[in-house]
Amino acid sequence: MSASNPPPASTTDRVATGSTAAATAGGANPATGGTNPAATNPATAGGANPVATNPATAGGRPSVDPAATNPATGGTNAAAGGGRPSVDYLLGLGDDALVMAQRLAEWAARAPEMEEDIALSNIALDQLGAARLLLSYAAEIEGAGRDEDALAFLRGDREFRNCLLVELPNGDFGHTMAKLLFLSAYQLPLYAALSNCPDARLAAIGAKARKESAYHLDHSRTWTVRLGDGTVESHRRMQAAVDAVWPYAAELFAADPAAPVDPATLRAEFDATVAAVLAEATLTRPDSGWVPTGGRQGVHTEHLSYLLAEMQVVHRAHPGARW
């Protein structure tokens, strides 16, 4: 082989380096015309179970047992001694899931492998399903005549309560996996704890979402280890992704003693999970330092505005339309 013809890159290198162009070709910046998550078809998922990942039933509504979520059944009010969660709390969880779903959907037709293309689309649908359930409940408690669609498509960026982590651009594939790793390592213990909370409807949502979060964590762990413990180049890029995303994880655990589950109580399990994954991937956990916050109070990066402009454009252009 001549010096002008280097050997072909390994699969790991292609994943670590080739995905940057894919993300910046339209997926990473929603202003450039990213993929519409509605175009993603879970029925085409290779190894994924579309029943488990599709957030809607045949009737188009979130797939939680109506007997567990309908106030008319008498089983949905919080147990004695517990009250309904606040609207802001539900918006925070719902917006986390909604914005992450939109970001992951940007990888449709752009992921480094065909199977990964379908996997990320299905994870996006899982997040969207959780978002629908949480936003529907928030709208009901708010009592202002809004529904899940109004909360998703008719709020401005200052009204969103998602953490800053999920609104960050996808970047290359390593950055997306780092975001998914940190988010799922937080969501899994969160939903597990919520499944035992006094509010029966929120407990039903947590019980459903925790199963999906377990898969999200396993998927992101597999890729983090594959890239971190792969080639020199993939290791370098995965470490850079962890370093860049890590500061945004702290906001997830801001103390809220009045919440059904205080996020601060989840930090120890999160740290143990992430430490084990990074050790297996031969990656180094960054030192704690700068901690960006504000998402829960409606103070966001400029990236959320671009994401919402794309996500909301059809609904705002045709208000009240029925398809």
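Note: the structure precedes this text.
Predicted, not measured: the structure shown is a model, and the values here were computed from it. (Residues numbered from 1 in each chain as written. Predicted model: local features only at pLDDT ≥ 70, side-chain atom pairs only at ≥ 80, totals over all residues. Heavy atoms only, no water.)

Visitor: Just checking my understanding: could you explain the side chain of Glu116 for this structure?
Guide: In this fold, Glu116 is placed in helix H5 (residues 114-142). Buried within the structure, Glu116 lacks any salt-bridge partner; its nearest side chain of opposite charge belongs to Arg226, at an N-O separation of 7.0 Å. There is a polar contact of 2.8 Å between the side chain of Glu116 and the side chain of Trp223. Ignoring any residue separated from it by four or fewer positions in sequence, one finds Glu116 in contact with Ala111, Phe173, Met177, His219 and Trp223. (Helix = DSSP H or I, 4+ residues; strand = E, 2+ residues; numbered from the N terminus. Buried < 20%, exposed > 50% of the residue type's maximum accessible area, 1.4 Å probe, protein only. Lys, Arg positive; Asp, Glu negative; His and termini not counted. Salt bridge = Lys/Arg side-chain N within 4 Å of Asp/Glu carboxyl O. Polar contact = N/O pair within 3.5 Å; in protein donor to acceptor, adjacent residues only side chain to side chain. Contact = heavy atoms within 4.5 Å.)

Visitor: Any chance you could explain the nonpolar core here in plain terms?
Guide: Nonpolar side chains in soluble globular proteins tend to end up buried together. Phe182, Tyr186 and Phe270 are the most contacted members of the largest nonpolar core, which has 74 residues in total. At twelve residues, the largest contribution of residues to this core is made by helix H8 (residues 173-194). (Core = buried A, V, L, I, M, F, W, Y, C linked by side-chain atoms within 4.5 Å.)

Visitor: Could you clarify how one ought to interpret the layout of surface pockets in this entry?
Guide: To locate leftover empty space, one rolls a probe as large as a water molecule over the atoms. Here the second largest pocket is characterised by a volume of approximately 340 Å³. Taken together, 16 residues form the lining of the second largest pocket, with Ala254, Asp256, Pro263, Arg296 and Gln297 sitting closest to its centre. Per-element tally for the lining of the second largest pocket: the top contributor is helix H4 (residues 87-105), with four residues. The residue inventory of the lining of the second largest pocket, partitioned by class, reads seven nonpolar, four polar and five charged. (1 Å grid on protein atoms, 1.4 Å probe; cavity = no way out; pocket = protein on both sides within 12 Å on 5 of 7 lines; lining within 4 Å. Points joined across faces, edges and corners; volume = space filled by probe spheres on them. Nonpolar A, V, L, I, M, F, W, Y, C, P; charged D, E, K, R; others polar.)

Visitor: Could you clarify how one ought to interpret H8 in this entry?
Guide: In an α-helix, one turn spans 3.6 residues, which is why side chains three or four residues apart end up on the same side. Between its first and last C-alpha atoms H8 spans 31 Å; for 22 residues at 1.5 Å apiece the expected length is 32 Å, and the two agree. In terms of burial, H8 is largely enclosed, as 18 of its 22 residues are buried. Its side-chain oxygen at 3.1 Å from the backbone nitrogen of Gly174, Asp172 defines the N-terminal cap of H8. (Expected span 1.5 Å × (residues − 1).)

Visitor: Is there a simple way to think about the pattern of salt bridges in this case?
Guide: Should the charged atoms of two oppositely charged side chains come close, the side chains can pair. Enumeration according to the criterion identifies 17 salt bridges in this entry. Close ionic contact of Glu280 with Arg221 constitutes a salt bridge, the shortest N to O distance being 3.1 Å. You can see Glu280 sitting in helix H11 (residues 267-280) and its partner Arg221 sitting in helix H9 (residues 200-228), a full 59 residues away along the chain. On the basis of relative accessible area, Glu280 is assigned to the partly exposed category, the value being 42%. Each member of the salt-bridge network shares a partner with another, and the members are Asp172, Glu233, Arg236 and Arg237.

Visitor: Would you explain the packing of H4 against H5 in this entry?
Guide: A pair of packed helices is characterised by two quantities: the angle between their axes and the separation of those axes. Between H4 and H5, the shortest axis-to-axis distance is 7 Å and the interhelical angle comes to 155 degrees. Regarding the angle of H4 to H5, the classification is roughly antiparallel. Like other packed secondary-structure pairs, H4 and H5 cross with a definite hand, here left-handed. Of the residues in the contact of H4 with H5, the class split is 21 nonpolar, two polar and two charged. (Axes fitted to C-alpha atoms, helices over the stretch in contact; angles between N-to-C directions. Parallel < 35°, antiparallel > 145°, perpendicular 65-115°, else oblique. Left-handed = near helix turned anticlockwise from the far one by under 90°.)

Visitor: Can you help me understand the side chain of Lys179 in this one?
Guide: Position of Lys179 relative to the elements: it lies in helix H8. From its side chain, Lys179 meets the backbone oxygen of Val166 in a polar contact 3.5 Å long. Non-local contacts of Lys179, meaning those with residues more than four positions away in its chain, are made with Met100, Arg103, Leu165, Val166, Leu168, Pro169, Asn170 and Val245.

Visitor: Would you mind showing me how to read empty space enclosed by the protein here?
Guide: One pass over the structure, following the stated rule, counts two cavities of 30 Å³ or more. Taken together, Asp126, Gln127, Ala130, Gln187, Tyr191, Ala209, Glu212, Ser213 and His216 make up the lining of the largest cavity. Elements supplying a minimum of two residues to the lining of the largest cavity: H5, H8 and H9. Split by residue class, the lining of the largest cavity holds three nonpolar, four polar and two charged.

Visitor: Honestly, the packing of aromatic side chains in this entry has me stumped. Any pointers?
Guide: The relation between two aromatic rings is expressed through the spacing of the ring centres and the mutual angle of the planes. Tallying each qualifying case throughout the model produces eight aromatic pairs. Both rings, one in Phe173 and one in Trp223, keep their centres 4.9 Å apart while their planes meet at 80 degrees; by these two values the pair is edge-to-face. Of the two residues, Phe173 is situated in helix H8 and Trp223 in helix H9; the sequence distance between them amounts to 50 residues. Here Tyr248 and Trp290 contribute two aromatic rings whose centre-to-centre distance is 5.8 Å and whose plane-to-plane angle is 85 degrees, an arrangement assigned as edge-to-face. Taken together, the positions of Tyr248 in the loop between helix H10 (232-245) and H11 and Trp290 in the loop between H11 and helix H12 (302-317) put the pair 42 residues apart, joining distant regions of the chain. What makes Tyr248 buried here is its relative accessible area of 13%. For Trp290, a relative accessible area of 58% gives the class exposed. Linked through ring pairs, Phe182, Tyr186, Trp246, Phe253 and Phe270 together constitute an aromatic cluster. Directly above the ring of Phe160 sits Arg155, whose terminal nitrogen or CZ lies 4.0 Å from the centroid. (Phe/Tyr/Trp six-rings, centres within 6.5 Å; stacked < 30°, edge-to-face > 60°. Lys NZ or Arg CZ within 6 Å of the ring centre and 35° of its normal.)

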